[in-house]
Amino acid sequence: MRTTVGIIGAGPAGLLLARLLHNAGIDSVVLETRDRPYVEQRQRAGILEQGTVDVLREAGAAARMDRDGIPHDGIELRFDRRRHRVDFPALTGGRSVMVYAQTEVCKDLIALQLAAGGPLLFEAEALAVEGAESESPRVRFRHQGREDVLECDYVVGCDGSWGVARKAVPADVSRVFERTYPFGWLGILADVPPSHDELVYARHDRGFALLSMRSPTVTRAYLQVPAGTDAADWGDEEIWDELDRRLETDDPAWTLKRGPITSKSVTPMRSHVHEPMRHGRVFLAGDAAHIVPPTGAKGLNLAVGDVVTFARALVEYRETGSDARLEAYSATCLRRVWQAERFSYAMTTMLHRAPEATPFDDRIQLAQLDRITTARSAETDLAESYTGFPLD
């Protein structure tokens, strides 16, 4: 097989890149290890930044999002039994976010790719990326019981932190920066309308809690739990009781709505950056290059920024003959990545209580939150970071 851009991974990054390239008249092939039902059902992120929303609209992939997504103009912070709303548009010149699950983004992009895009091969396991420094890198893969080779002008690895694309970057030029947190998130889906019309981030002495949603009838919520926790160890009523405690305020008008829990899982928390994000003609995007704790809602949005940067750079090369933006891909993406890492780390350490936390640490967290709620400059920084950094 031969194509211009070989894309490994059919998550939102790989699928969106294929769509952007198709719209620009550039051919691609997408290889995905899993089958289509798995890709369309795996639960991941649910918050789309303003820039991500704009890109999906420009790509012609936003019809269902605009119909079924839930625009959010702010979030609520809770701490010390207090409530404070952060008004995004007022602080950012009109920017906001959209609640629309990653599973739905993938469904939309898969449908478009299969209807009018290049080849999308499910159950096609990428085995290795070869010839990264040549003008024709190759992806060896297994599909329908036999091995094949995809020859490309460029390879973009959207295959996660354990995928084969990253292995194409030699160890002697790779640098890894990471932090593992001593806690995770116990996440639930419940068949009950959300208890609040925007996301609620709560700092509590018992640990962090997040109240979110997937639709007007489905609640998504999270509890900070020790690393290594088994979701099965938590009973349904125990989860609701703990959410009630951590979300408590002095406002008697607010109550937590309870309902049947349909899903439980535990997400580990870590920060990870691989540099560089490019070697020769192999480019890394999304989790293949960086991971953020979910506190800042940055993972999917960072991946979108990566593939938008690559697509724009390749289009410029096709139109002008200049490969300056392709050469600068890693540096361009990493500036945005590190800002997202900074914000996600700040949100995580401000809202989660570490196992070894002291009374001094508690007071510092409360002081950070008090600063956000009383200083417009601090609140603006949070709003600008949350709604998204420039994509390029």
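So, here is what we can say about the structure in this document. (Residues numbered from 1 in each chain as written. Predicted model: local features only at pLDDT ≥ 70, side-chain atom pairs only at ≥ 80, totals over all residues. Heavy atoms only, no water.)

1. Observations concerning the overall build of the protein
This is how the line gets drawn: The way it works is that DSSP assigns letters per residue, a run of H or I at least four long becomes a helix, a run of E at least two long becomes a strand, and they are numbered from the N terminus. The size measure is the radius of gyration over C-alpha atoms, and the globule rule it meets is 2.2 Å times the number of residues to the 0.38 power. A 1.4 Å probe rolled over the protein chains alone gives each residue an accessible area, and that area as a share of the maximum for its type sets the label: buried under 20%, exposed over 50%, partly exposed in between. In what follows, a contact means two residues having at least one pair of non-hydrogen atoms within 4.5 Å. Per-residue accessibility takes into account occlusion by the displayed protein chains alone, with areas from the Shrake-Rupley method and a 1.4 Å probe. Positive charges come from Lys and Arg, negative ones from Asp and Glu, while His and the chain ends are left out of the count. Lysine's charge is taken at NZ, arginine's at CZ, aspartate's at CG and glutamate's at CD.
Counting secondary structure elements, the protein contains twelve helices and 20 strands. For the protein, whose C-alpha radius of gyration is 21 Å, the value lies close to the compact-globule estimate of 21 Å for 392 residues. When the backbone C-alpha atoms are referred to their principal axes, the protein occupies close to 65 × 40 × 40 Å. Expressed as a percentage of its 392 residues, the buried residues of the protein come to 57%. At a minimum sequence separation of 6, the contacts of the protein that also span at least 24 residues come to 71%. Accessible surface for the protein amounts to roughly 16400 Å². Of this, 49% is attributable to carbon and sulfur atoms. Distance from the positive charge centre (47 side chains) to the negative charge centre (58 side chains) of the protein: 0 Å.

2. Quick notes on the state of the cysteines
Such a bond, covalent and formed between the sulfur atoms of two cysteines, is termed a disulfide. Basically, it comes down to this: Disulfide assignment relies on a single distance test, namely cysteine sulfur atoms paired within 2.5 Å.
In total, this model carries zero disulfides according to the counting rule given. Of all cysteine sulfurs in the structure, the one in C158 sits closest to C333, which takes part in no disulfide; the separation is 11 Å.

3. So, the sheet that holds strand β7 (residues 97–99)
Selection rule: Paired strands, in this sense, are two strands between which DSSP finds at least two bridges.
Taken together, the three strands give an open sheet; going across it, the order is β3-β7-β4, and neighbouring strands pair in antiparallel fashion. In this open sheet, the two edge strands, each paired with only one partner strand, are β3 (47–48) and β4 (70–72). Pairing between β4 and β7: three bridges, direction antiparallel. Along β7, the bridge assignment pairs P71 with M98.

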